[in-house]
Amino acid sequence: MAAASQRYAVAAEEVATIGTSLPQATQIDLSATAVQLIESKFEIGLNAAVLKSSLDTEKRVLDILV
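Heads up: these notes are all about the structure in this document. (Residues numbered from 1 in each chain as written. Predicted model: local features only at pLDDT ≥ 70, side-chain atom pairs only at ≥ 80, totals over all residues. Heavy atoms only, no water.)

This part is about the pattern of salt bridges. The full count for this structure, using the stated rule, is three salt bridges. Arg-7 is paired through a salt bridge with Glu-43; the nearest N and O atoms lie 2.5 Å apart. Separated by 36 residues along the polypeptide, Arg-7 in helix α1 (residues 2–17) and Glu-43 in helix α2 (residues 30–65) bring together distant segments of the chain. A salt bridge links Lys-52 to Asp-56, with the shortest nitrogen-to-oxygen separation between them at 3.0 Å. (Salt bridge = Lys/Arg side-chain N within 4 Å of Asp/Glu carboxyl O. Helix = DSSP H or I, 4+ residues; strand = E, 2+ residues; numbered from the N terminus.)

Between its first and last C-alpha atoms α2 spans 52 Å; for 36 residues at 1.5 Å apiece the expected length is 52 Å, and the two agree. Along α2, the positions that sit buried rather than exposed are Thr-33, Leu-37 and Ser-40. Buried residues in α2 make contact with α1. (Expected span 1.5 Å × (residues − 1). Buried < 20%, exposed > 50% of the residue type's maximum accessible area, 1.4 Å probe, protein only. Contact = heavy atoms within 4.5 Å.)

Where α1 contacts α2, the two axes come as close as 9 Å, and the packing angle between them is 150°. As the angle between them shows, α1 and α2 are arranged roughly antiparallel. Of the two elements, α1 crosses α2, and the hand of that crossing is left-handed. Where α1 abuts α2, its residues Ala-4, Ser-5, Arg-7, Tyr-8, Ala-11, Ala-12, Glu-14 and Val-15 lie against Leu-30, Thr-33, Gln-36, Leu-37, Ser-40, Lys-41, Glu-43 and Ile-44. When grouped by side-chain class, the residues that make up the contact of α1 with α2 number eight nonpolar, four polar and four charged. (Axes fitted to C-alpha atoms, helices over the stretch in contact; angles between N-to-C directions. Parallel < 35°, antiparallel > 145°, perpendicular 65-115°, else oblique. Left-handed = near helix turned anticlockwise from the far one by under 90°. Nonpolar A, V, L, I, M, F, W, Y, C, P; charged D, E, K, R; others polar.)

Purely spatial values, then, with no claim about function.
Here it is in structure tokens:
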């Protein structure tokens, strides 16, 4: 989740720099950045769902044992 959050932050920062006075060679490819934002958002959601499922399973095991 941390890696996906970092990738999301980097892509968001790239989008935020669009429209500034950057030299032509360092301008951002908006479509690739948008894809990176969507992928990172999906990855964070997927990781959160896996973590929730894992915690739910762990809780059930503890309920059985106690």
